[in-house]
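Listed here are the chains, written in short residue letters.
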Amino acid sequence: MAARILDGAAIARTIRAELASRIQAVTARLGRPPGLGVVLVGDDPASEIYVRNKLKAAHESGVRADLRRLPATATLTEVLRIVEALNESDEHDGILVQSPLPRGLGRGAEQAVFDRIDPAKDVDGFHPANVGRLVQNRALLTPGTPTGVIELLDRSGIQIAGSRAVVIGRSEIVGKPTALLLLHRDATVTICHSKTPDLAAVTGQADILVAAIGRPWFVGPEFVKPGSTIIDVGVTRVTDPAYAKALFAGMPDRLRGFEMRGSAVMGDVHPRCGEVAGAMTPVPGGVGPLTIAMLLANTVKAAMAAIERQSVRW
Ligand code: GUN
């Protein structure tokens, strides 16, 4: 039987509708909408699209979102200066610096920037203080994509407690925090990565399999436990015609679609996994919309926490 498709876009719409009353309450209390500062450095095409979608979602939801752009030639000092200004701003409750930063900024630049964001405004949950709180299961602001994965599972009626969960990928943005959130929900969690021997033997035990590798269709049916749930976090835009031809061998419709558009957005999970799994997320329309919904939720949480801190001070 074909796997149930978990509709992340519909779940994200529900979450955003639920946020509306809280956004109104914050706006009434502050005399201004919740505010988000988004920093984009350089011109990475994928980041451009992500940031555009984040700004659009914020505006639609009544969250003020201001974009601060810098060229790819910007120095680390210039990026940090923008972060400092947003830290000081009374109009901005949340700050997001889009990752990845241009390579020219040097190794360690990204962490140096995340380290400088006021933890109370860190709507990505990447500041070490928030990462520490996440490890201790007492974080207010947790990373968007991992939090979205948990929401998607919960709202799809998939039991986390007592399940075996396997996360492929150990990034700071997705793999590690997703594993921690699953652990805090009483899953038995394994993190796999590029050096994991016999990956399929490990993933084949997973009741919940989270793929966050960034390699198109890397996860095939042989990786999947029958009846399990697969969450596909991978988003890769394939533009190389030879690569697309190899991926879409025996799939003339998909190949034609690629040739018409000149590119294809692909997840980490091969569609044939749907013949084995019980449920899986699509790409696009799975985890992506939830990442944005959770960013808005975190901006509102940060604004509400700031209001609470102020009222304690008064
Ligand atoms: N790049 C890819 N995902 C994310 C995310 O969740 N936050 C930020 N800041 N950059 C990203």
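Since the model is a prediction, treat every value here as computed from it, not as a measurement. Once a new chain begins, its residue numbering starts again from 1 and follows that chain's sequence as written. The model is predicted, so local features are restricted to residues of pLDDT at least 70 and side-chain atom pairs to those at 80 or more, both for listing and for counting; the totals for chains, interfaces and linings are taken over all residues. Neither water nor hydrogens contribute to the side-chain values; these are computed over all heavy atoms in the structure.

**Student:** Help me out: how do you make sense of the overall build of the chain in this one?
**Tutor:** The helix and strand labels rest on DSSP assignments: H or I over at least four residues marks a helix, E over at least two residues marks a strand, and numbering proceeds from the N terminus. Assigned secondary structure in the chain consists of 11 helices and 11 strands. Computed over its C-alpha atoms, the radius of gyration of the chain comes to 20 Å, within 12% of the 20 Å expected for a compact globule of 314 residues. Relative accessibility under 20% of the residue-type maximum defines a buried residue, over 50% an exposed one, and the middle range a partly exposed one, all with a 1.4 Å probe and only protein chains included. Counting across all 314 residues of the chain, residues that qualify as buried make up 48%. Counting only contacts in the chain whose residues sit at least 6 apart along the sequence, the fraction spanning at least 24 positions is 71%. Counted as positive: Lys and Arg. Counted as negative: Asp and Glu, with His and the chain ends omitted from the count. For the purpose of locating charges, the reference atoms are NZ of Lys, CZ of Arg, CG of Asp and CD of Glu. On the chain, the mean spot of the 36 positive side-chain charges and the mean spot of the 32 negative ones are 1 Å from each other. Every radius of gyration here is taken over C-alpha atoms, with the globule rule written as 2.2 Å times N^0.38, N being the number of residues. Contacts are assigned to residue pairs that have any heavy atoms within 4.5 Å of one another.

**Student:** Help me understand the site of the ligand, please; the structure alone is not making it clear to me.
**Tutor:** In the vicinity of the ligand, the residues found are Lys54, Leu96, Val97, Gln98, Ser99, Asp124 and Phe126. At a separation of 3.2 Å, a nitrogen atom of the ligand approaches a polar side-chain atom of Gln98. Two N or O atoms count as a polar contact when they lie within 3.5 Å, although within protein this holds only if one can serve as hydrogen donor and the other as acceptor, and sequence-adjacent residues are included solely when both atoms are side-chain atoms. One of the side-chain nitrogen or oxygen atoms of Asp124 is found 2.6 Å away from a nitrogen atom of the ligand. Basically, the charged four are Asp, Glu, Lys and Arg, the nonpolar ten are Ala, Val, Leu, Ile, Met, Phe, Trp, Tyr, Cys and Pro, and anything else, Gly included, counts as polar. Residues of the shell around the ligand, tallied by class, amount to 3 nonpolar, 2 polar and 2 charged. Whether a residue is near a molecule or strand is decided by its heavy atoms; if any one of them lies within 4 Å of it, the residue is near.

**Student:** What is the right way to read the side chain of His127 from this model?
**Tutor:** Its location among the elements puts His127 in the loop between helix H4 (109-116) and helix H5 (128-135). Ignoring any residue separated from it by four or fewer positions in sequence, one finds His127 in contact with Phe114, Asp115, Ile117, Pro119 and Asp122.

**Student:** I would appreciate a short explanation of the packing of helix H1 (residues 8-30) against helix H6 (residues 144-155) in the present structure.
**Tutor:** When two helices pack together, you describe them by how their axes are tilted relative to each other and by the distance separating the axes. Where H1 contacts H6, the two axes come as close as 10 Å, and the packing angle between them is 100 degrees. Here H1 lies roughly perpendicular to H6, going by the angle between them. Residues Gly8, Ile11, Thr14, Ile15 and Glu18 of H1 pack against Glu151, Leu152 and Arg155 of H6. A per-class count over the contact of H1 with H6 returns 3 nonpolar, 2 polar and 3 charged. Interaxial angle, 0 to 180 degrees, is taken between N-to-C directions of lines fitted to C-alpha atoms, where a helix line uses only the stretch in contact. Throughout this description, any angle smaller than 35 degrees is read as roughly parallel, any larger than 145 degrees as roughly antiparallel, any in the 65 to 115 degree range as roughly perpendicular, and the remainder as oblique.

**Student:** Which parts of the structure should I look at to understand the pairing of strand E8 (residues 229-232)?
**Tutor:** If a strand is regular, its side chains alternate between the two faces of the sheet. Residues Thr229 and Ile231 line one face of E8 and the alternating positions Ile230 and Asp232 line the opposite face, and both faces are buried. The pairing criterion for strands is at least two bridges between them, as found by DSSP. Examined bridge by bridge, E8 and strand E11 (residues 279-280) share 2 bridges and lie parallel to one another. From the neighbouring strand, Thr229 faces E11, where its bridge partner is Ala279.

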